[in-house]
Amino acid sequence: MKRFTALLSFILLSSGVLLGSAYHESNPEKPTQEEYVIEDWEFETSGQIFSGVILIDGVIYIGNENGDFYALDLEGNEVWRFKADHAIRSTAVVYGKIVSFTSGNQLYGLNIASGNLEWKHEPTESVQDPIGPQDQWDIKDSSPVLKESVAYYGNEYGHIYGVDMSNGNEVYDFKTTNAATIRSKPVFKGDILFFGDQAGHVFALNVATDKLVWSIETFVGDKLYPEYGGIFGEMVVEGNALYFGSRNGQLKVLNTETGVIDWTAGNVNGTWFSGIPVIKDDVLYIGTSDSHELVAFNTSGKQLWRTPTTESVYNAVIVTDDHVITLTCDSSYPDQFPSIGHIHILKYNGTVDKSIELPGGVYHSPKLVDGALYFASRNSKIYKMDLKNLLQE
């Protein structure tokens with residue numbers, strides 16, 4: 001852990017906010033810069049980070065590209081670390097005394113107090129080396145999701161597994177007919193598990209009856225590349241609607257009961273809706289990739305605004321009482337160097353209050369806990385920043 005006093009440049013943007021179909025300049029003057037002092041900490045890990053942080057009972061858990069999984073206290077001190085066999089590109093879950101994450105088509109269960117391996121779920125296909133990233137933007141693996149004591153996760157061979165967190169025993173296995181890679185994090189509504197695959201299919205499974213409720217092919221037509229139309233981010237359920245972005249410039253909303261498409265929003269700039277949908281007070285927020293924007297819709301699909309973000313958005317925004325906060329990552333290729341990112345702090349109407357340059361892109365969602373922002377960067381570091389300091393004028 002390295003405690004630091006960092007001078008960060010806060011760029012007060014003359015942000016262009018697109019309302020409907022035309023840009024409206026919220027502040028036509030040139031951007032100004034101010035410097036603020038942020039007193040928090042950073043912790044440097046052994047490798048790049050594409051996974052997300054979780055905080056449970058005062059402990060931070062996260063893994064990195066070198067396969068190292070860390071537990072830190074809230075002061076940024078290492079409690080323990082564990083070495084997995086492959087890169088970790090998933091966000092962990094905790095059940096009881098077990099913290100669990102995916103790595104190389106396997107699910108690990110560690111003791112939260114010691115970091116010792118309690119069990120490892122190794123399905124038959126995991127004896128092979130992971131297929132790994134299928135292109136430069138394939139930087140997430142399926143994260144586990146909990147239902148009661150069972151963790152469900154997808155792998156590169158079209159399987160959804162359910163593993164009992166208390167002992168590591170496999171209790172559920174479903175294989176899709178097309179066996180396409182599953183990168184999306186599954187999401188539950190009651191007993192129905194929803195997930196998407198790299199071929200652009202979405203599935204609804206009843207895990208209680210082991211029946212496929214419905215499936216839908218969300219993209220039909222010529223593919224510009226093999227993963228075109230693939231679903232690689234997290235899905236979100238709100239009411240009877242399933243929200244998700246895809247690798248073909250479309251945001252889709254499906255009826256959870258039938259799989260019928262309720263509405264679709266196309267990205268006018270032709271690039272992906274790469275962010276994770278967030279719905280707050282009937283407003284849907286989601287980020288894009290190459291067009292470098294944060295977009296807001298109402299839940300009927302009407303665009304409210306779109307705001308430039310300088311780089312791509314691959315994660316979920318944080319919505320506070322007064323602001324929408326988004327963290328961005330590299331402007332084009334995830335494997336480019338140096339890695340660059342920003343924290344953008346927006347008003348509810350999409351205008352930008354300030355923008356803070358980061359020394360690395362942030363590919364997974366930050367966490368806001370007790371007024372502090374926790375996140376990890378591609379530059380191998382984990383950060384804590386006080387939100388009050390970031391928001392101060």
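Residues numbered from 1 in each chain as written. Predicted model: local features only at pLDDT ≥ 70, side-chain atom pairs only at ≥ 80, totals over all residues. Heavy atoms only, no water.

So, on to the nonpolar core. Core analysis: the biggest nonpolar cluster contains 26 residues, and Tyr243, Leu251, Trp263, Leu284, Tyr285, Phe297 and Val317 have the highest contact counts within it. Residue assignment for this core shows that the elements contributing at least two residues are strand S22 (241-245), strand S23 (250-255), strand S24 (261-266), strand S25 (278-280), strand S26 (283-287) and strand S27 (293-298). Apart from residues lying up to four places away in sequence, Val317 is in contact with Val278, Tyr285, Leu294, Val324, Ile325 and Thr326. (Core = buried A, V, L, I, M, F, W, Y, C linked by side-chain atoms within 4.5 Å. Buried < 20%, exposed > 50% of the residue type's maximum accessible area, 1.4 Å probe, protein only. Helix = DSSP H or I, 4+ residues; strand = E, 2+ residues; numbered from the N terminus. Contact = heavy atoms within 4.5 Å.)

We now examine the pairing of strand S11 (residues 106-111). In terms of burial, S11 is a largely internal element, six of the six residues being buried. Both faces of S11 are covered, namely the face carrying Gln106, Tyr108 and Leu110 and the face carrying Leu107, Gly109 and Asn111. Both strand S10 (residues 98-103) and S11 contribute to a ladder of six bridges, which runs antiparallel. Within S11, the residue paired with Ser103 across the bridge is Gln106. Remark: two residues form the turn of the hairpin made by S10 and S11, two consecutive strands paired antiparallel; Gly104 in that turn has positive phi of roughly 60°. Joining the antiparallel neighbours S11 and strand S12 (residues 117-121) is a turn of five residues, in which Gly115 adopts a positive phi near 80°. (Pairing = 2+ DSSP bridges.)

Averaged over the chain, the pLDDT score is 87; the fraction of residues at 70 or greater is 85%. Note on residues 4-37: pLDDT is under 50 here. Beyond four places in sequence and across chains, it has 92 contacts. (pLDDT = per-residue confidence, 0-100.)

Once that is clear, we can look at the pattern of salt bridges. Scanning the entire structure with this criterion turns up twelve salt bridges. Between Glu293 and Arg306 there is a salt bridge, with the nearest N and O atoms lying 2.9 Å from each other. Placement of the pair is Glu293 in strand S27 and Arg306 in strand S28 (residues 303-308), with a sequence separation of 13 residues. Accessibility assignment for this pair places Glu293 and Arg306 in one class, buried. Connected through salt bridges with shared partners, the residues Asp85, Lys120 and Glu122 form a single ionic network. (Salt bridge = Lys/Arg side-chain N within 4 Å of Asp/Glu carboxyl O.)

Counting across every chain of the model gives 22 aromatic pairs. Ring centres of Phe194 and Trp214 lie 6.0 Å apart, and the angle between their planes is 45°; on these two criteria the pair is classed as tilted. Residue Phe194 is located in strand S18 (residues 192-196), and its partner Trp214 is located in strand S20 (residues 211-217); the two are separated by 20 residues in the primary sequence. As far as the burial class goes, Phe194 and Trp214 line up, both buried. Ring plane angle 45° and centroid distance 5.9 Å describe the contact between Trp263 and Phe297, whose orientation is recorded as tilted. With a gap of 34 residues between them, Trp263 in strand S24 and Phe297 in strand S27 connect regions that are remote in the sequence. (Phe/Tyr/Trp six-rings, centres within 6.5 Å; stacked < 30°, edge-to-face > 60°.)

Mapped onto the elements, Leu110 comes out in strand S11. Not counting residues up to four positions away in its chain, the partners in contact with Leu110 are Phe69, Trp80, Phe82, Lys97, Ile98, Val99, Phe101, Gly115, Asn116, Leu117 and Glu118.

Glancing now at the side chain of Ser142. Tracing the backbone shows Ser142 in the loop between S12 and strand S13 (145-147). Of note is the side chain of Ser142, whose polar atom sits 3.0 Å from the backbone nitrogen of Gly154. Discounting residues that sit within four places of it in the chain, Ser142 has contacts with Ser90, Thr102, Tyr153, Gly154, Ile182, Arg183, Ser184, Lys185 and Pro186. (Polar contact = N/O pair within 3.5 Å; in protein donor to acceptor, adjacent residues only side chain to side chain.)

Most of strand S35 (residues 381-386) is tucked away, with five of its six residues classed as buried. In terms of strand pairing, strand S34 (residues 372-376) meets S35 through five bridges, oriented antiparallel. Within S35, the position partnered with Tyr374 by the bridge is Lys384. As consecutive antiparallel partners, S34 and S35 are separated by four residues, and within that stretch Ser380 has a phi angle of approximately 85°, a positive value.

The next point concerns the sheet that holds strand S16 (residues 170-175). Pairing is antiparallel across the open sheet formed by four strands, whose spatial order is S13-S14-S15-S16. In this open sheet, the two strands that pair with only one neighbour each are S13 and S16. On average, each strand axis in the sheet is inclined to that of its neighbour by 20°, with strand direction left out of account. Sheet topology note: the strand S15 (residues 159-164)/S16 ladder contains five bridges and is antiparallel. The residue bridging Ile160 from the neighbouring strand is Phe174, located in S16. (Axes fitted to C-alpha atoms, helices over the stretch in contact; angles between N-to-C directions.)

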